[in-house]
Amino acid sequence: MQRWGGRFTGDTDPRVVEFTRSVELDAAFATDDLQGSIAHVHGLGRAGVLSDAEVETLVAGLEALRAEAEAGLIAWDPALEDVHLNLEAALEARIGTVARKLHTGRSRNDQVATDLRLWTRRAVDRIDLALLAMERALVGLAERDGEAILPGTTHIQPAQPVLLAHHVLAYVEMLERDRGRLSDARARLNVSPLGSGALAGVGYPLDREAVAAELGFDGVSANSLDAVSDRDFVVEVLAASALAMVHLSRLAEEITWWSNPRFGFVRVADAFSTGSSMMPNKRNPDPAELVRGRSAGVIAALTEMLTVLKGLPLAYQRDLQEDKPALFRAIGTLEASLSVMTGLIDTLTVDPRRMRQAADEGFTTATAMADALVRAGLPFRSAHNVVGALVAMVEGRGAGLEEISDRDVDMALGMVDDEAIPVLRRDPDIGQGMRAAATVEGALAAMDVVGGTAPNRVAAALVKARARLGPG
Ligand code: ARG
């Protein structure tokens, strides 16, 4: 008979046992379940529901089970449905019938809500460290090779030169926001549902605050119906995880392009590449591709959880058991992806020469030249048109903007109708000024604002990032 089988006659259909059980999944939070039970027993003792001797026996039994669970020694019985009923049965087998008092003033509904919060809190803390490690790897790359100059792109077309450090630090910003989102979610999830019972509260004078404090919660849930049916925290963590995966996926995408010999910007280490079973020449960035591919599963987990919740009336419904596959899979994917991407970045080699070559192509200094004309007195739109004309001229010749002659500049100025133009055409230094502005170094240095790619700004940003993250 099931532990809840008092009112039932006959056995549960094996298909139902198979269909409803969750122990394969929820065994993952066995230690959290035992920690919650220990705090609950202490609470029952303080409430005078259990005697000191009963508390002592129960806690000793639960502690022993916790040691077994930590060592992976508990044999889970699928017939016992879930981790909660398995552990209650294991406790009874160990300490006898006093174990039957454990579930006083508690339901599996507030129990599983508690366990999942404890599990998720641990997961969030691990992911925070993994994000930190990934940020450190990125900052390490920026420190090693950050002075390399590459063409920043928009629409995948060459746009303006940027420092590699600037590009890499953009991902550090993303991951730092991911940490912030997870930490916000952690603050909201860190309240104790224990004492909510099945849905309506419990009929014992439990000091919920004290139980919560023992479990490291910041407080207690304020509404029992909400507490047993709230999985907002799962949604929040999944949303933050999905976004973190999207960030990793964007980086992975860049790695796949940059490691293509056509780009040749980077080389993914052998240890982070795989080969082809047929083509002996192949060297593929598969880990990056799989990070990109697996982001789909984490996004799916978010929509899965939202969809599970959207039709549920208060309070607990068995549908909520479906929180676990989504959450566990997403957390597992994110952790593995962070780990592999950290290694890939740590071992990535950069070819600054190839990057620079690409930055020298595509007229990436055109905006800097237009800015130089603005400083010489031309309205920006007219300056844009003058430089546009210069680009068209040199593109036809297969030359670069730094190769324009004084005559080219004069011709381009002559093509634009603006009252400021005649003054500029009389300036003998205008050609030289335009050529100076056309250098990649000049274009970089000009981006001298907070958040810009001027080398001094990037150096300051890098120092700040390293100071925040610490060494390693
Ligand atoms: N396995 C269940 C879950 O994960 C535990 C709670 C079951 N409660 C119940 N009344 N059937 O949600």
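Preceding block: the structure.
This is a predicted model, so every value here is computed, not measured.

Caption draft 1: Looking closely at the overall build of the protein. Along the backbone of the protein there are 20 helices and 6 strands. At 31 Å, the protein has a C-alpha radius of gyration far larger than the 23 Å of a compact globule built from 472 residues. With the principal axes as the frame, the protein shows a C-alpha extent of 100 × 55 × 40 Å. Going through the 472 residues of the protein one by one, you find that 49% of them count as buried. For the protein, the share of sequence-separated contacts (at least 6 apart) that also reach a separation of at least 24 residues comes to 76%. For the protein, the accessible surface area stands at approximately 22,300 Å², while carbon and sulfur atoms represent 55% of it. Computed over 49 positive and 66 negative side-chain charges, the separation of the two mean positions in the protein equals 2 Å.

Caption draft 2: Up close: the pairing of strand 1 (residues 149-154). Bridging between strand 1 and strand 2 (residues 157-163) involves 6 bridges; their strand directions are antiparallel. Within the sheet, the bridge partner assigned to Thr154 lies in strand 2 and is Gln157. The antiparallel pairing of strand 1 with strand 2 creates a hairpin that spans 2 residues between the two strands, and His155 there sits at a positive phi of about 55°.

Caption draft 3: The site of the ligand, seen in detail. Taken together, Ser22, Asp26, Asp82, His84, Arg108, Asn109, Val112, Tyr316, Arg318, Gln321 and Lys324 form the complete shell of residues around the ligand. For the ligand, a nitrogen atom lies 3.0 Å from a polar atom in the side chain of Asn109. A distance of 2.5 Å is found between an oxygen atom of the ligand and a side-chain nitrogen or oxygen belonging to Lys324. Its free accessible area being 340 Å², the ligand has 87% of it covered by the protein chains. It is helix 6 (residues 108-145) that contributes the most residues to the shell around the ligand, 3 residues altogether. When grouped by side-chain class, the residues that make up the shell around the ligand number 2 nonpolar, 4 polar and 5 charged.

Caption draft 4: Representation of the packing of aromatic side chains within the structure. Summed over the entire model, instances satisfying the criterion amount to 6 aromatic pairs. Seen in terms of ring centroids, Trp4 and Phe8 are 5.2 Å apart; in terms of plane orientation they differ by 65°. Their pairing is edge-to-face. Between Trp257 and Phe263, the aromatic rings sit 6.0 Å apart at their centres with planes inclined by 55°, giving tilted as the arrangement. You can call Trp257 partly exposed: its relative accessible area is 42%. In this structure an aromatic cluster arises from ring pairing among Trp257, Trp258, Phe263 and Phe265.

Caption draft 5: Region of interest: the packing of helix 10 (residues 232-258) against helix 12 (residues 323-346). Between helix 10 and helix 12, the least distance of the axes is 10 Å, while the angle of their chain directions is 30°. On the basis of the axis angle, helix 10 is roughly parallel to helix 12. At the point where helix 10 passes helix 12, the crossing takes the left-handed sense. Taken together, the residues of helix 12 that come into contact with helix 10 (itself represented by Val234, Val237, Leu238, Ser241, Ala244, Met245, Leu248, Leu251, Ala252 and Ile255) are Ala326, Leu327, Ala330, Ile331, Thr333, Leu334, Ser337, Leu338, Met341, Leu344 and Ile345. Grouping the constituent residues of the contact of helix 10 with helix 12 by class yields 18 nonpolar, 3 polar and no charged.

Caption draft 6: Layout of the nonpolar core. Judged by nonpolar contacts, the single largest core of 101 residues is most densely connected at Met134, Leu138, Leu238, Leu327, Leu344, Ile345 and Met355. For this core, the element with the most residues is helix 6, which contributes 15 residues. Not counting chain neighbours up to four residues away, the residues in contact with Met355 comprise Ala148, Ile149, Leu150, Pro151, Leu164, Trp258, Phe265, Val266 and Val350. If you look at the next biggest cluster of nonpolar residues, it comprises 28 residues, including Ala372, Leu373, Ala399 and Ala438.

Caption draft 7: Region of interest: the packing of helix 3 (residues 30-46) against helix 6. At a minimum axis distance of 9 Å, the contact between helix 3 and helix 6 shows a crossing angle of 120°. One way to sum up the angle between helix 3 and helix 6 is to call them oblique. Here the hand of the crossing between helix 3 and helix 6 comes out right-handed. Between helix 3 and helix 6, the contacting residues are Thr31, Asp32, Asp33, Gln35 and Ser37 on the first element and Gln111, Asp115, Leu118, Trp119 and Arg122 on the second.

Caption draft 8: Focus on the environment of Glu361. Note on placement: Glu361 falls in the loop between helix 13 (352-360) and helix 14 (366-375). C-alpha separation for the pair Glu361 and Leu91, spaced 270 residues apart in sequence, amounts to 72 Å.

Caption draft 9: Quick peek at the pattern of salt bridges. Taken as a whole and assessed by the stated rule, the structure comprises 36 salt bridges. Linking Glu335 and Arg126 is a salt bridge whose minimum nitrogen-to-oxygen distance equals 2.9 Å. With Glu335 in helix 12 and Arg126 in helix 6, this pair connects stretches of sequence that are 209 residues apart. In this structure Arg126 comes out as partly exposed when scored by relative accessible area, which is 34%. Two residues, Glu135 and Arg468, come together in a salt bridge whose shortest N-O distance is 3.0 Å.

Caption draft 10: Summary view of the environment of Thr367. Assignment of secondary structure puts Thr367 in helix 14. Among the residues examined, Thr367 registers a relative accessible area of 30% and is labelled partly exposed. C-alpha of Thr367 to C-alpha of Gly72: the two residues are 295 residues apart in sequence and 62 Å apart in space.

How each quantity is defined
Residues numbered from 1 in each chain as written. Predicted model: local features only at pLDDT ≥ 70, side-chain atom pairs only at ≥ 80, totals over all residues. Heavy atoms only, no water. Helix = DSSP H or I, 4+ residues; strand = E, 2+ residues; numbered from the N terminus. Rg over C-alpha atoms; globule rule 2.2 N^0.38 Å. Buried < 20%, exposed > 50% of the residue type's maximum accessible area, 1.4 Å probe, protein only. Contact = heavy atoms within 4.5 Å. Areas by Shrake-Rupley, 256 points an atom, 1.4 Å probe, with all protein chains shown as cover. Lys, Arg positive; Asp, Glu negative; His and termini not counted. Charge placed at Lys NZ, Arg CZ, Asp CG, Glu CD. Pairing = 2+ DSSP bridges. Near = heavy atom within 4 Å. Polar contact = N/O pair within 3.5 Å; in protein donor to acceptor, adjacent residues only side chain to side chain. Nonpolar A, V, L, I, M, F, W, Y, C, P; charged D, E, K, R; others polar. Phe/Tyr/Trp six-rings, centres within 6.5 Å; stacked < 30°, edge-to-face > 60°. Axes fitted to C-alpha atoms, helices over the stretch in contact; angles between N-to-C directions. Parallel < 35°, antiparallel > 145°, perpendicular 65-115°, else oblique. Left-handed = near helix turned anticlockwise from the far one by under 90°. Core = buried A, V, L, I, M, F, W, Y, C linked by side-chain atoms within 4.5 Å. Salt bridge = Lys/Arg side-chain N within 4 Å of Asp/Glu carboxyl O.

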